[in-house]
Amino acid sequence: MTAQPDHRDTAPPMRTLAELRSALRGWGFPGDIESFEQELEGTDLDDLSRVRGIVQAYRHRVLLRCNSQAMAALTRSSRDVAFELGEKLAGRTAR
């Protein structure tokens, strides 16, 4: 299991595949590094669009994990989100 990082709203460097791998080990969601390696292994490295898409997706996951507001949004309960949406919709129809 991956150690839980401190949410300090700063992302680790991810300019190279080695840096991205390191970031995924420290900041990724559980199983991210394994999934990243499997996706990369199953991709033709001459297909640069596909490789770029994989890299961008996993960089985004690390960036989400480093952002305390994003993590707070991801950990909200469905009931809480549904209540807030209901309140907003009720306010919109009351006008």
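Located above this text is the structure these notes cover.
Bear in mind the structure is a predicted one, so any value in this text is a computation, not a measurement.

**Side note on the overall build of the protein**
Piece 1. When helices and strands are tallied, the protein shows 5 helices and 0 strands.
Piece 2. Listed by position from the N terminus, the elements making up the protein come as α-α-α-α-α.
Piece 3. In the protein, buried positions account for 25% of the 95 residues.
Piece 4. The contacts in the protein between residues at least 6 apart in sequence include a share of 48% that link residues at least 24 apart.
Piece 5. Accessible surface, the protein as shown: approximately 7000 Å² in total, 53% of it carbon and sulfur.

**Quick look at the packing of helix α1 (residues 17-27) against helix α3 (residues 48-66)**
Helix-helix packing: each pair is described by the crossing angle between the helix axes and the interaxial distance.
Piece 1. Viewed as axis vectors pointing N to C, α1 and α3 meet at an angle of 40 degrees, and their least axial separation amounts to 10 Å. As summarised for this structure, α1 and α3 are arranged oblique, according to the angle between their axes. Where α1 crosses over α3, the two elements pack in a sense that is left-handed. Touching L17, L20, A23, L24 and W27 of α1 are V55, Y58, R59, V62, R65 and C66, all from α3.

**A look at α3**
Piece 1. Relative to the 27 Å expected for 19 residues at 1.5 Å per residue, α3 spans 27 Å between its end C-alpha atoms, a close match to the ideal helical length.
Piece 2. Among all positions in α3, only V51, I54, V55, Y58, V62, R65 and C66 are buried. Mapping the buried residues of α3 onto a view down its axis gives an arc of 120 degrees, with all of them on the same face.
Piece 3. Close packing links the buried residues of α3 with α1, α2 (32-41) and α4 (68-74).

**What about the nonpolar core?**
For soluble globular proteins, the rule of thumb is that nonpolar side chains tend to be buried together.
Piece 1. The biggest cluster of nonpolar side chains holds 14 residues, and the ones touching the most others in it are L20, L24, F36 and V62.
Piece 2. Contributions of two or more residues to this core are made by α1, α2 and α3.
Piece 3. With 6 residues, α3 is the single largest residue contributor to this core.
Piece 4. When residues no more than four places from it in sequence are discounted, the contact partners of V62 are P12, M14, A23, L24 and W27.

Reading the values: rules and limits
Residues numbered from 1 in each chain as written. Predicted model: local features only at pLDDT ≥ 70, side-chain atom pairs only at ≥ 80, totals over all residues. Heavy atoms only, no water. Helix = DSSP H or I, 4+ residues; strand = E, 2+ residues; numbered from the N terminus. Buried < 20%, exposed > 50% of the residue type's maximum accessible area, 1.4 Å probe, protein only. Contact = heavy atoms within 4.5 Å. Areas by Shrake-Rupley, 256 points an atom, 1.4 Å probe, with all protein chains shown as cover. Axes fitted to C-alpha atoms, helices over the stretch in contact; angles between N-to-C directions. Parallel < 35°, antiparallel > 145°, perpendicular 65-115°, else oblique. Left-handed = near helix turned anticlockwise from the far one by under 90°. Expected span 1.5 Å × (residues − 1). Arc of directions from axis to C-beta. Core = buried A, V, L, I, M, F, W, Y, C linked by side-chain atoms within 4.5 Å.

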